[in-house]
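Given next are the chains, with one letter for each unit.
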Amino acid sequence: MSPGTPLPAFPPGFTWGVATSSYQIEGGVDADGRGRSIWDTFAHQPGRIIDGTTGDVACDHYHRYAEDVALMAGLGIGAYRFSIAWPRIQPAGTGPAEPAGLDFYDRLVDALLERDVDPVATLFHWDLPQALEDVGGWLNRDTAHRFADYAELAAGRLGDRVKLWLTLNEPFIHMTLGYGTGEHAPGRTLLFGAVPAAHHQLLGHGLAVAALRARTGSPVGIANNYSPVRPQGTGEADLAAAAAYDALHNRLFTDPLLGRGYPVGLGLDPAEAGAGAADLVRDGDLAVIAAPIDVLGVNYYNPTGIAAPAEPDGPLPFEMVPLTGYPRTAFDWPVVPEGLHELLTTLRDRYGADLPPIQITENGCAYDDTVAADDGCADPERIAYLDGHLRAVHRAVADGVDVRGYFVWSLLDNFEWAEGQTKRFGLVHVDFDSQVRTPKSSYAWYRDLISRR
Ligand code: GBH
């Protein structure tokens, strides 16, 4: 089936949404007492961002949120996934709330509810207060407790109106790119020395779930990213490398959440724990992490090819190999819709009855979209991408996977982290000089799809 054939029906009550994150769209970095985050620091360091841009202004959503909510209403979406900037709520990462920072999200939430759009809030989409990084960031166990305090403040103000809370966004990416390879803030290059940032993020998640439960009756979950692993080769070493990568990417942040403890091989399982690991994972931590959640957020972009490392004694037990034979996005990521079906059915097979209902909290693609003087912004590749992935979701639902909703990444072209303004993921084109928003043809396509449901 192709974009020509209408999409099949989705289950009643299925949620159609779009997603964004604070540092990528808000700008307004000095407004209303906001403190500095690790991304402010990082983006201003020469050479970190490919085009030298920063999130200082981004889409200026902080000042233009009403226009952006109107764009959402025009789509007819049922839910909007945004993230709250921790340094707006606690400028130095600890202490009492900055009321003016909370006021912004208060206005946003009310504007959404007025247009019948359910607010879905992510508490942490990578913009850690710089003051907490200065004392070790997520390598410091204390950050988990600070995160729970922040969750309490956010839910104290917004818990009556946010319809779904997500604690962390992609802790795997934050650990690997932020603390492992240094491609993202805070720019640490510790390779496997980054693993404590996994445990402390998960501990922070569990503590935040408890804090949220005390202040909201809304469902609570986490947004993880997953990538089906495709071994590139059939040798034992290739399969072992693929299993090692699968444990790191797909299981490290899910096995302990769903009560299975840590996968072996990462130094976190008690069976392999040296003295250091025992100190890292303390008695009771796994129970905190396994606090029941109501929703598993799934972010999916593409599968990963993995082979045995060319250097057997090198720093990593695997090597990434680009997948060939697929169309590619402007980011050079392969377009593999069936990978989303594989991922969803694998999660179901792996976790069975312990798997909570799923929301696809991110899926989308970057293309070099440009606005033409006469006919707007045509992005047929994005329509094909989204159509193909929605068909994959539908097949997974037909195969019995409990998927309750789908959020396109992203509403707007935005600050794409280390790629700056060079990668456009939006349903809406943003001119970063004029801040003019131009809906792309995918916007009209998504609007029509939603209106037919
Ligand atoms: C998400 O991360 C983020 O949550 C969001 O903030 C971001 O803007 C968005 O996606 C788009 O990047 O197989 O070698 O080609 C996505 C994490 C990591 C997913 C890299 C795709 C492909 C690498 N991504 N991965 S490769």
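Quick notes on the rules
- The numbers attached to residues start from 1 for each chain and follow its sequence in the written order.
- Where local features are concerned, this predicted model is filtered to residues with pLDDT of at least 70; where side-chain atom pairs are given and counted, the filter is 80 or more; whole-chain, interface and lining totals use all residues.
- Here the side-chain values reflect all heavy atoms present in the structure, with hydrogen atoms and water set aside.
- Residues belong to one nonpolar core when they are buried, are Ala, Val, Leu, Ile, Met, Phe, Trp, Tyr or Cys, and are joined through side-chain atoms within 4.5 Å.
- Any residue under 20% of the maximum accessible area for its type is buried, any over 50% is exposed, and the rest in between are partly exposed; the area is computed with a 1.4 Å probe on protein chains only.
- Any two residues whose heavy atoms approach within 4.5 Å at even a single point are treated as in contact.
- Whenever a carboxyl oxygen of Asp or Glu lies within 4 Å of a side-chain nitrogen of Lys or Arg, that contact is scored as a salt bridge.
- At least two bridges found by DSSP between two strands is the condition for calling them paired.
- Per the convention used, a helix needs a DSSP run of H or I reaching at least four residues, while a strand needs a run of E reaching at least two, with both numbered from the N terminus.
- Note on method: axes are straight lines fitted to C-alpha atoms, helices fitted across the in-contact stretch only, with angles between N-to-C directions ranging 0 to 180 degrees.
- Here a patch means residues that are over 30% exposed by relative accessible area and free of salt bridges, tied together within 9 Å if like-charged and within 5 Å if nonpolar (Val, Leu, Ile, Met, Phe, Trp, Tyr).
- Using a 1.4 Å probe, accessible areas were evaluated by the Shrake-Rupley method; residue-level cover was limited to the displayed protein chains.
- A cavity, in this analysis, means grid points on a 1 Å lattice covering only the protein atoms where a 1.4 Å probe fits yet has no way out; a pocket is instead an open set bounded by protein on both sides within 12 Å along at least five of seven lines, and a residue lines either one if it has an atom within 4 Å of a point.
- Grid points are joined across faces, edges and corners, and a volume is the space filled by probe spheres set on the points.
- For this scheme, ten residues count as nonpolar: Ala, Val, Leu, Ile, Met, Phe, Trp, Tyr, Cys and Pro. Four count as charged, namely Asp, Glu, Lys and Arg, and the remainder, Gly too, count as polar.

Asker: Can you explain the nonpolar core? Please cite residues and give values.
Answerer: Ranked by internal contacts, the top residues of the largest apolar core, which has 142 residues, are Trp-39, Tyr-80, Ile-84, Trp-165, Ile-358 and Tyr-446. In contact with Ile-84, not counting residues within four places along its chain, are Ser-22, Ile-89, Tyr-105, Ala-121, Thr-122, Leu-123, Asp-127, Tyr-150, Ala-154, Leu-158 and Trp-165.

Asker: Provide a residue-level description of the pattern of salt bridges, including the pertinent values.
Answerer: All told, the structure shown has 31 salt bridges when counted by the stated rule. The partner of Asp-279 in a salt bridge is Arg-282, and the shortest N-O contact between them spans 4.0 Å. On the basis of relative accessibility, which here comes to 40%, the residue Arg-282 falls in the partly exposed class. Taken together, the salt bridges that share partners define one network made up of Asp-103, Asp-106, Asp-110, Arg-157, Asp-160 and Arg-161.

Asker: Kindly report on the sheet that holds strand β4 (residues 164–169), identifying the contributing residues and their values.
Answerer: Around the barrel, which closes on itself, the eight strands sit in the order β1-β2-β3-β4-β5-β7-β10-β11 with parallel pairing between neighbours. Ignoring which end each strand starts from, the neighbouring axes of this sheet average 25° apart. Across four bridges, strand β7 (residues 295–300) lies against strand β10 (residues 358–362) in parallel orientation. Each residue of the ladder has a partner; that of Val-298, found in β10, is Ile-360.

Asker: Give a detailed account of the pairing of strand β5 (residues 220–226), specifying residues and quantitative values.
Answerer: Most of β5 is tucked away: seven of the seven residues are buried. Of the two faces of β5, both are covered, the one formed by Val-220, Ile-222, Asn-224 and Tyr-226 as well as the one formed by Gly-221, Ala-223 and Asn-225. Looking at chain direction, β5 and β7 are connected through six bridges and run parallel. Each bridged residue has a counterpart across the sheet, and for Ala-223 the counterpart in β7 is Gly-297.

Asker: Just give me the short version of the pairing of β10, but keep the residues and values in it.
Answerer: Counting buried residues in β10 gives five out of five residues, a clear majority hidden from the surface. Sheet analysis places β10 next to strand β11 (residues 403–409), joined by three bridges and oriented parallel. When the bridges of β11 are listed, Ile-358 appears paired with Val-403.

Asker: Residues and numbers for a nonpolar patch on the surface, please.
Answerer: Residues Leu-191, Phe-192 and Leu-316 make up a contiguous nonpolar surface patch of about 220 Å² in total accessible area. Here Phe-192 lies in the loop between α8 (171–181) and α9 (195–213).

Asker: Explain the layout of surface pockets residue by residue, including any values.
Answerer: As a volume, the largest pocket reaches approximately 1,300 Å³. Mapped onto the lining of the largest pocket, the elements with two or more residues apiece are α8, β5, α10 (236–251), β7, β8 (304–307) and β9 (319–320). With seven residues, α8 is the largest single contributor of residues to the lining of the largest pocket. Of the residues assigned to the lining of the largest pocket, the class counts are 28 nonpolar, 14 polar and eight charged.

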